[in-house]
Amino acid sequence: MHKPLIDKYGRHVSYLRVSVTDRCDFRCTYCMSENMTFLPKSQVLSLEELDQLCTAFISRGVRKLRLTGGEPLVRRGIMDLIRDLSRHLKSGALDELTLTTNGSQLATYADDLARAGVKRLNISLDTLDHQKFAEITRRGRLEQVLTGLQAAKEAGIGIKINAVALRGQNEDEFSRMLAWCGQEGFDLCLIETMPLGDIDGDRTDHYLPLTVVRERLEKDWTLVPSNHVTPGPARYVSVTETGGRLGFITPMTHNFCEGCNRVRITCTGTLYMCLGQEDHIDLREILRENDPALLDEALDRAMLLKPKGHDFVIERKGAKPAVSRHMSMTGG
């Protein structure tokens, strides 16, 4: 292994999130415009290039790899990439290979994912109400996702449900979702909406601080501080009544950057050192030079650019997003 990736604040980058596509079969209101313009396929890294990039990061000490999108499972040939990357699990170079998905394709892929060594999935699911689900996703069917979740559960894959807290849309559902997750054996993680990309609407209308959500939940549930830690930014509590875990991701009300060990690569090969900052390095052209030394040098440069933290703010109606690119482009 080459020298590890350590930024100028002494943080070891051991967690890589890679967007394999900007395309998605949903158009969630807080994530995308209804009429999205997706990248031409010629700008998107090939599966072989994605493998090469991931392998370069693993050789520099990345231990956890998460594939994201858009919706990663709509990428043609995605299982070929996942099976190829699973060699790093078998060799011991990688601790975990996982995905964030909307669950729409899981009924098709759950068994294949389990056979490839995927042991956990993050599922984006903001409501258990069929009508609200259709409204939030604009084109999704809740039944299809629930069927996929059952397929993943039967395949032995651990599930964490990620729900974005949206004022006026799903804020009355979190107690119900917590009970459902407890019954199903799923963890639940609540997320504050983030100012990424122009959408059809104003995020200030739907921003809901998780401090408010937690106060409400504590009226129904006993939430006990937990020592459970993952490579991600969530802070966890245990739910006494269900024995399950509840996580909070709070980029707006609590800056979680001090221990950040993550970087992100878009499907075009752009490396972002922070979800909430614009500093980046284009790795696509460097990758196509086919010179491992040049790629190593670029990763070293990237570590010098990694900021101490993000600057997310949602406070003014009509304000521009803090970052112009959509979450679907960077990867969740």
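Refer to the structure above for everything that follows.
The rules behind these values
- Residues numbered from 1 in each chain as written.
- Predicted model: local features only at pLDDT ≥ 70, side-chain atom pairs only at ≥ 80, totals over all residues.
- Heavy atoms only, no water.
- Helix = DSSP H or I, 4+ residues; strand = E, 2+ residues; numbered from the N terminus.
- Buried < 20%, exposed > 50% of the residue type's maximum accessible area, 1.4 Å probe, protein only.
- Contact = heavy atoms within 4.5 Å.
- Areas by Shrake-Rupley, 256 points an atom, 1.4 Å probe, with all protein chains shown as cover.
- 1 Å grid on protein atoms, 1.4 Å probe; cavity = no way out; pocket = protein on both sides within 12 Å on 5 of 7 lines; lining within 4 Å.
- Points joined across faces, edges and corners; volume = space filled by probe spheres on them.
- Nonpolar A, V, L, I, M, F, W, Y, C, P; charged D, E, K, R; others polar.
- Core = buried A, V, L, I, M, F, W, Y, C linked by side-chain atoms within 4.5 Å.
- Salt bridge = Lys/Arg side-chain N within 4 Å of Asp/Glu carboxyl O.
- Pairing = 2+ DSSP bridges.
- Axes fitted to C-alpha atoms, helices over the stretch in contact; angles between N-to-C directions.
- Polar contact = N/O pair within 3.5 Å; in protein donor to acceptor, adjacent residues only side chain to side chain.

Chemist: I'd like a description of the overall build of the chain, backed by residues and values.
Modeler: Looking only at helices and strands, the chain has 11 helices and 12 strands in total. Burial status across the chain gives 57% buried among its 332 residues. Contacts spanning at least 24 positions in sequence make up 73% of the contacts within the chain whose residues lie at least 6 apart. Per element, the accessible surface of the chain, about 14400 Å² overall, is 48% carbon and sulfur.

Chemist: Quick rundown of the layout of surface pockets? Include the residues and the values.
Modeler: Space inside the second largest pocket adds up to approximately 250 Å³. The wall of the second largest pocket is formed by V20, T21, D22, R23, L39, K41, V44, L45, V74, R75 and R76. Of the residues that constitute the lining of the second largest pocket, the class distribution is five nonpolar, one polar and five charged.

Chemist: Help me get a handle on the nonpolar core, residues and values and all.
Modeler: One finds F57, L67, I161 and L283 to be the most contacted residues of the largest nonpolar core, which totals 94 residues. Counting residues per element, this core draws most heavily on helix 1 (residues 47-59), which supplies seven residues. Ignoring sequence-local partners within four residues, the contact set of I161 consists of I123, L125, L149, M177, W180, C181, F186, D187, L188 and C189.

Chemist: Hey, could you go over empty space enclosed by the protein for me, with residue numbers and the actual values?
Modeler: Take a probe with the size of a water molecule and roll it over the atoms, and the empty space left behind shows itself. Taken as a whole, this structure holds three cavities of 30 Å³ or more when the rule is applied. Considered as a void within the structure, the second largest cavity measures approximately 70 Å³ in volume. Sort the elements by how many residues they give to the lining of the second largest cavity and helix 5 (residues 130-137) lands first, with three residues. Looking at the lining of the second largest cavity residue by residue, the class counts come to six nonpolar, four polar and one charged.

Chemist: Tell me what's going on with the pattern of salt bridges, and back it up with residues and numbers.
Modeler: In the structure shown here, the tally under the stated rule is 20 salt bridges. R288 is the partner of E49 in a salt bridge, and the nearest nitrogen-oxygen pair spans 2.6 Å. Separated by 239 residues along the polypeptide, E49 in helix 1 and R288 in helix 9 (residues 284-288) bring together distant segments of the chain. Judged by relative accessible area, which is 40%, R288 ranks as partly exposed. Between D95 and R63 there is a salt bridge; the shortest N-O distance is 2.6 Å.

Chemist: Talk me through the sheet that holds strand 10 (residues 262-265); I want residue IDs and the actual numbers.
Modeler: Spatial strand order, 7-8-9-6-5-4-3-2-1-10-11-12: 12 strands in an open sheet with mixed pairing. The open sheet has two free edges, formed respectively by strand 7 (223-225) and strand 12 (280-282), since each of these has just one partner strand. With strand direction ignored, the average angle separating the axes of adjacent strands in the sheet is 25 degrees. Sheet topology places strand 5 (residues 158-165) next to strand 6 (residues 187-192); six bridges connect them, and they run parallel. Each bridged residue has a counterpart across the sheet, and for N162 the counterpart in strand 6 is C189. The sheet contacts of helix 8 (residues 210-217) involve strand 5, strand 6, strand 7, strand 8 (235-239) and strand 9 (245-249), and relative to strand 6 the element is tilted by about 140 degrees.

Chemist: Run through the side chain of N102, naming residues and quoting values.
Modeler: In this fold, N102 is placed in the loop between strand 3 (96-101) and helix 4 (106-115). N102 gets classed as buried once you look at its relative accessible area, which sits at 6%. Looking at N102, its side chain comes within polar contact range of the side chain of D25, at 2.9 Å. Once residues lying within four places of it in the same chain are set aside, the contact partners of N102 are C24, D25, F26, E71, I123, S124 and V145.

Chemist: Describe unusual backbone geometry, listing the residues and the values that go with them.
Modeler: With an omega dihedral of 15 degrees, the bond running from G69 to G70 counts as a cis peptide bond. Here G70 lies in the loop between strand 2 (64-68) and helix 2 (78-85). Residue R138 is not a glycine yet carries a positive backbone phi of 70 degrees. Counting through the fold element by element, R138 comes out in the loop between helix 5 and helix 6 (142-154). One non-glycine residue, N290, lies in positive phi territory at about 60 degrees. Mapped onto the secondary structure, N290 falls in the loop between helix 9 and helix 10 (292-305).

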